[in-house]
Amino acid sequence: MSTEDEIIQYILAKTIKARGKKFRCTVDLGCGQGKWWLKYYTNYIIGVDHRWKDLQLAKIVGYNEVHCIDMREFKIPDKCDSVLMIQSIEHIPKEDGLKMIRSFGNRFILITTPAEFFPVAYNGHVSLWTVDDFKKLGFKTATFMKGIIFRHKKIVAWRGERV
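Residues numbered from 1 in each chain as written. Predicted model: local features only at pLDDT ≥ 70, side-chain atom pairs only at ≥ 80, totals over all residues. Heavy atoms only, no water.

Looking at the overall build of the protein chain
Then comes step 1: Along the backbone of the protein chain there are four helices and seven strands.
Then comes step 2: Across the protein chain, helices and strands are ordered from the amino to the carboxyl terminus as α-β-β-α-β-β-α-β-α-β-β.
Then comes step 3: Across the 163 residues that make up the protein chain, the buried fraction comes to 46%.
Then comes step 4: Considering only contacts within the protein chain whose residues lie at least 6 apart along the sequence, 56% involve residues at least 24 apart.
Then comes step 5: In the structure as shown, the protein chain presents an accessible area of about 8,800 Å², 55% of it carried by carbon and sulfur atoms. (Helix = DSSP H or I, 4+ residues; strand = E, 2+ residues; numbered from the N terminus. Buried < 20%, exposed > 50% of the residue type's maximum accessible area, 1.4 Å probe, protein only. Contact = heavy atoms within 4.5 Å. Areas by Shrake-Rupley, 256 points an atom, 1.4 Å probe, with all protein chains shown as cover.)

Take a look at the structure:
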């Protein structure tokens with residue numbers, strides 16, 4: 001498990017402790033192959049990604065539903081009370097990301113993203129987000145370093161129920 005997973009789980013655990021119960025339904029936008037540990041924090045998981053092969057693995061690790069669609073086109077069901085965007089918001093234009101965040105309403109939102117662009121554009125990143133971007137949107141933020149050989153700074157941002 002990576003440091004990033006541990007930080008995400010810490011924030012989710014603190015939020016659940018404060019609210020006294022798991023999330024009813026979580027949408028994981030840009031879920032890739034899924035996160036096996038997510039089932040400990042939510043009762044129902046919807047995965048959204050544009051890669052069908054990855055979504056099949058997400059089903060295996062416990063996702064209840066998967067949707068092969070561009071995350072910008074997915075409508076969050078009313079029953080969902082939390083949204084995750086783990087290393088996915090940087091793959092869409094910033095204007096689209098801002099529009100998505102605003103559409104999430106009062107749900108709990110947790111986002112992670114690189115805090116810097118890499119010199120090699122192999123990763124498909126098209127937008128750079130800063131701590132200030134998230135703070136302007138009402139998020140709490142933290143930064144951490146990831147990687148052993150190629151160390152780079154990451155941002156984790158969350159908003160919603162008090163942590």
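Observations concerning the state of the cysteines
Then comes step 1: What the rule picks out here adds up to one disulfide.
Then comes step 2: In this structure Cys31 is not part of a disulfide, and its nearest cysteine sulfur, from Cys68, lies 9.6 Å away.
Then comes step 3: Cys31 gets classed as buried once you look at its relative accessible area, which sits at 4%. (Disulfide = S-S within 2.5 Å.)

Observations regarding helix H3 (residues 94-103)
Then comes step 1: Listed as buried for H3 are Gly97, Met100 and Ile101. All buried residues of H3 project into a common sector of 100° when viewed along the axis, lining one side. Opposite its buried face, H3 presents the exposed residues Glu95, Lys99, Arg102 and Ser103, each directed more than 90 degrees away.
Then comes step 2: Immediately beyond the C-terminal end of H3, within one or two residues, lies Gly105, with a positive phi of roughly 65°. (Arc of directions from axis to C-beta.)

Brief notes about unusual backbone geometry
Then comes step 1: Phi at Gln87 is positive, roughly 55°, even though this residue is not glycine.
Then comes step 2: Mapped onto the secondary structure, Gln87 falls in the loop between strand S4 (82-86) and H3.

Description of the side chain of Ser82
Then comes step 1: Here Ser82 is to be found in strand S4.
Then comes step 2: Once residues lying within four places of it in the same chain are set aside, the contact partners of Ser82 are Phe23, Cys25, Thr26, Val27, Arg107 and Phe108.

Let's talk about the pattern of salt bridges
Then comes step 1: A complete count under the given rule lists eight salt bridges for this structure.
Then comes step 2: Residues Lys35 and Asp28 are paired through a salt bridge, measuring 2.8 Å at the closest nitrogen-oxygen approach.
Then comes step 3: Take Lys35: its relative accessible area is 11%, and that puts it in the buried class.
Then comes step 4: Between Lys79 and Glu65 there is a salt bridge, with its nearest N and O atoms 3.9 Å apart. You can see Lys79 sitting in the loop between strand S3 (65-68) and S4 and its partner Glu65 sitting in strand S3, a full 14 residues away along the chain.
Then comes step 5: The partly exposed category is assigned to Lys79, whose relative accessible area is 39%.
Then comes step 6: For Glu65, a relative accessible area of 22% corresponds to the partly exposed category.
Then comes step 7: Within the structure, one salt-bridge network assembled from shared partners comprises Asp49, Arg51 and Asp54. (Salt bridge = Lys/Arg side-chain N within 4 Å of Asp/Glu carboxyl O.)

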